[in-house]
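Below are the chains, spelled out letter by letter.
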Amino acid sequence: MAHRGAPEPYDIEAEGLSLAIVSTRWNADIVDQMRDRAVATAGELGVNPDEYFVAGALELPVVVQACAQRYDAVVALGCVIKGETAHFAYVCDSVTAGLTRVALDENTPVGNGVLTVEEEDQAFERAGGEDAKEDKGADSVRAALGAAAELRKVVGK
């Protein structure tokens, strides 16, 4: 896992920022764990997020873009598990490019919490549950709100 080099916890001045969390319904047992951690982390930072749901990862960018037009930050949560076909690569590439484009086009931070894993066990190790090695739901919220707080300093957003 690429957790080596992660920043130490730091203060984020998130009060007054608005946040949307968009979650997929695919792999719900994994995504729901990340969603729970994302909502809890937002609350710890003084933000009450609005939540939206889509079927799968390919539907994330369009709803995230609509949210990026209304919110200071957006978090996208999902889980794509590799199967036996090339579909995995197409989905992962499309979602990553789409979320990056939304952030740049809308000038709104997007926390990419879409897990792209080889197998389900890897996803649970990243979903922030009991004994998990990583907490991507929380990490995505901290990244998005941290960037929004800095952006607020730069452009007064």
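As the structure is a prediction and not an experimental result, all values here were calculated from the model.

What counts, and at which threshold
- Residues numbered from 1 in each chain as written.
- Predicted model: local features only at pLDDT ≥ 70, side-chain atom pairs only at ≥ 80, totals over all residues.
- Heavy atoms only, no water.
- Pairing = 2+ DSSP bridges.
- Helix = DSSP H or I, 4+ residues; strand = E, 2+ residues; numbered from the N terminus.
- Axes fitted to C-alpha atoms, helices over the stretch in contact; angles between N-to-C directions.
- Contact = heavy atoms within 4.5 Å.
- Phe/Tyr/Trp six-rings, centres within 6.5 Å; stacked < 30°, edge-to-face > 60°.
- Buried < 20%, exposed > 50% of the residue type's maximum accessible area, 1.4 Å probe, protein only.
- Lys NZ or Arg CZ within 6 Å of the ring centre and 35° of its normal.
- Expected span 1.5 Å × (residues − 1).
- Parallel < 35°, antiparallel > 145°, perpendicular 65-115°, else oblique.
- Left-handed = near helix turned anticlockwise from the far one by under 90°.
- Nonpolar A, V, L, I, M, F, W, Y, C, P; charged D, E, K, R; others polar.
- Salt bridge = Lys/Arg side-chain N within 4 Å of Asp/Glu carboxyl O.
- Polar contact = N/O pair within 3.5 Å; in protein donor to acceptor, adjacent residues only side chain to side chain.

Concerning the sheet that holds strand β4 (residues 110-117)
- Across the sheet, which stays open at both edges, the four strands sit in the order β2-β1-β3-β4 with parallel pairing between neighbours. Looking at strand neighbours, the two that pair on one side only are β2 (50-54) and β4, the edges of this open sheet. Going from strand to strand, the sheet's axes swing by 15° on average, the running direction of each strand aside.
- As defined by bridge partners, strand β1 (residues 19-24) adjoins strand β3 (residues 73-81) across five bridges and the pair is classed as parallel. Paired with Ile21 across the strands is Val75, a residue of β3.
- Against the sheet, helix α1 (residues 28-44) engages β1, β2, β3 and β4, with an angle of about 160° to β3.
- Helix α5 (residues 136-155) rests against β1, β3 and β4 of the sheet, and its axis sits at about 150° to β3.

Structural notes on the packing of aromatic side chains
- Taken as a whole, this structure holds one aromatic pair when the rule is applied.
- Between the aromatic rings of Tyr52 and Tyr71, the centroid separation amounts to 6.3 Å while the plane-to-plane angle is 70°, which identifies the pairing as edge-to-face. On the criterion of sequence distance, the pair formed by Tyr52 in strand β2 and Tyr71 in the loop between α2 (60-68) and β3 is long-range, its members being 19 residues apart.
- Judged by relative accessible area, Tyr52 falls into the partly exposed class, the value being 27%.
- Its relative accessible area of 6% is what places Tyr71 among the buried residues.
- Residue placement shows Arg142 over the ring face of Tyr10; its charged tip is 5.3 Å from the ring centre.

Points about α5
- For α5, which comprises 20 residues, the first-to-last C-alpha distance of 28 Å matches the rise-based estimate of 28 Å (1.5 Å per residue) to within 8%.
- Among all positions of α5, only Gly137, Ala138, Ser140, Val141, Ala144, Leu145, Gly146, Ala148, Ala149 and Leu151 are buried.
- Its buried side turned inward, α5 meets β1, α1, β3 and β4.

A word on the packing of α2 against helix α3 (residues 87-106)
- Viewed as axis vectors pointing N to C, α2 and α3 meet at an angle of 15°, and their least axial separation amounts to 9 Å. The orientation of α2 relative to α3 falls into the category roughly parallel. For α2 against α3, the interelement crossing comes out right-handed. In contact with Pro61, Val64, Gln65 and Ala68 of α2, α3 contributes Val95, Gly98, Leu99, Val102 and Glu106.
- A breakdown of the residues in the contact of α2 with α3 according to their chemical character gives six nonpolar, two polar and one charged.

Focus: the pattern of salt bridges
- Evaluated as defined, the whole model comprises seven salt bridges.
- Residues Arg35 and Glu51 are paired through a salt bridge, measuring 2.4 Å at the closest nitrogen-oxygen approach. Separated by 16 residues along the polypeptide, Arg35 in helix α1 and Glu51 in strand β2 bring together distant segments of the chain.

Some remarks on the environment of Glu150
- One can find Glu150 in helix α5.
- At 2.9 Å, the side chain of Glu150 and the side chain of Lys153 are in polar contact.

Comments concerning unusual backbone geometry
- Phi angles above zero are rare outside glycine, and Asn27 is one such case at about 50°.
- Within the element layout of this structure, Asn27 appears in the loop between β1 and α1.
- Of note, the phi angle at Asp131 is positive, near 70°, even though the residue is not glycine.
- Within the element layout of this structure, Asp131 appears in the loop between α4 (120-126) and α5.
- The exposure class assigned to Asp131 is exposed, which follows from its relative accessible area of 67%.

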